[in-house]
Amino acid sequence: PIMKTSRSFVKKTRKGTVLKVVREHYLRDDVWTCWKGDERTTLEEPFVDKDALQSAPSSNLFPFTHFILPDTNVVLHHIDFLEFHAIGNIVLLETVLDEARHRNVSAYKRLRTLLDNKDKNGVVVSNEHHRATCMQREDGESVNDRNDRAIRVATGWCEQQLDPHNCRVVLLTNDKKNKEKALARNLLACTGCILSSHRFTSHLVFASLYA
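Residues numbered from 1 in each chain as written. Predicted model: local features only at pLDDT ≥ 70, side-chain atom pairs only at ≥ 80, totals over all residues. Heavy atoms only, no water.

### Focus: the packing of helix α4 (residues 94-103) against helix α5 (residues 105-116)
Contact geometry of α4 with α5 gives a least axis separation of 6 Å together with a crossing angle of 140 degrees. As judged from the angle between their axes, α4 and α5 are oblique. Together, Leu97, Ala100, Arg101 and Arg103 of α4 and Val105, Tyr108, Leu111 and Arg112 of α5 make up the contact between the two elements. Looking at the contact of α4 with α5 residue by residue, the classes come out as 5 nonpolar, no polar and 3 charged. (Axes fitted to C-alpha atoms, helices over the stretch in contact; angles between N-to-C directions. Helix = DSSP H or I, 4+ residues; strand = E, 2+ residues; numbered from the N terminus. Parallel < 35°, antiparallel > 145°, perpendicular 65-115°, else oblique. Contact = heavy atoms within 4.5 Å. Nonpolar A, V, L, I, M, F, W, Y, C, P; charged D, E, K, R; others polar.)

This is the structure in structure tokens:
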């Protein structure tokens, strides 16, 4: 089943013509998730399987099977960490990829290359087109706050999908408030800025979790 949402607004062109713009957005509740065991997965070889999860490097802070889900700030400022050879099991949300594409084309291309690397065991989740994870912007809410909220909601949804496989999802963020709100939702969250806001130190803190 498909649900259509739409919003309209009026804008004025350079020539002074007033136009009414209507944007339609289609949501589904059967977006496949790419991991083995999901009955909606139609691929002969799903990207994520149990053997790949069990063979992934463990973390000092999270010593159990899990995916890491970076937010936009981590993707833009700590792409080197995600490319680190010991890092795998990565969930990239449509929200994060869209932001990266608009804010830093170079980082976006590196993300696409990362996804093409089968050793990374990466998954893209189309959260902006799923009925359970697409978030409408609330009154007075900034675009950034809306995107952060969408990332938290999608993290929780991914947790539900992976729970039958005894797998968790860890949100990586450099935003203290985003982490606090994630923890308030009983999500796993980690920031590389626990000790310092310095970019290089953040790389080291993140990397030390997967040493």
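On we go.
### Looking at the nonpolar core
Residues Leu69, Leu82, Leu93 and Leu111 are the most contacted members of the largest nonpolar core, which totals 40 residues. For Leu93, the residues in contact, after removing those within four places along its chain, are Leu69, Val125, Asn127, Ile151 and Ala154. (Core = buried A, V, L, I, M, F, W, Y, C linked by side-chain atoms within 4.5 Å. Buried < 20%, exposed > 50% of the residue type's maximum accessible area, 1.4 Å probe, protein only.)

### A word on empty space enclosed by the protein
For the structure on display, the rule yields 1 cavity of 30 Å³ or more. By volume, the largest cavity amounts to about 30 Å³. Together, Asp71, Thr72, Asn73, Glu99, Arg103, Asn144 and Asp148 line the largest cavity. Within the residue set of the lining of the largest cavity, elements represented by two or more residues are α2 (72-77), α4 and α6 (143-162). (1 Å grid on protein atoms, 1.4 Å probe; cavity = no way out; pocket = protein on both sides within 12 Å on 5 of 7 lines; lining within 4 Å. Points joined across faces, edges and corners; volume = space filled by probe spheres on them.)

### So, the pattern of salt bridges
This structure, assessed with the given rule, holds 8 salt bridges. Residue Glu128 is joined to Arg146 by a salt bridge in which the shortest nitrogen-to-oxygen separation is 2.8 Å. You can see Glu128 sitting in the loop between β5 (123-125) and α6 and its partner Arg146 sitting in helix α6, a full 18 residues away along the chain. Its relative accessible area of 10% is what places Glu128 among the buried residues. The partner of Glu138 in a salt bridge is Arg149, and the shortest N-O contact between them spans 3.8 Å. In this pair, Glu138 is assigned in the loop between β5 and α6 and Arg149 in helix α6, connecting sequence segments 11 residues apart. Take Glu138: its relative accessible area is 46%, and that puts it in the partly exposed class. Looking at Arg149, the relative accessible area reads 17%, which means it is buried. Each of Asp80, Glu83 and Arg110 takes part in salt bridges that share partners, so that together they form one network. (Salt bridge = Lys/Arg side-chain N within 4 Å of Asp/Glu carboxyl O.)

### Quick look at the side chain of Glu99
With respect to the helices and strands, Glu99 occurs in helix α4. Under the relative-accessibility criterion, Glu99 is labelled buried at 13%. Ignoring sequence-local partners within four residues, the contact set of Glu99 consists of Thr72 and Asn147.

### Considerations on the environment of Leu97
Along the chain, Leu97 turns up in helix α4. For the pair formed by Leu97 and Ala107, sequence separation is 10 residues and the distance between their alpha carbons is 9.5 Å. When residues no more than four places from it in sequence are discounted, the contact partners of Leu97 are Leu92, Tyr108, Leu111, Arg112 and Val124.

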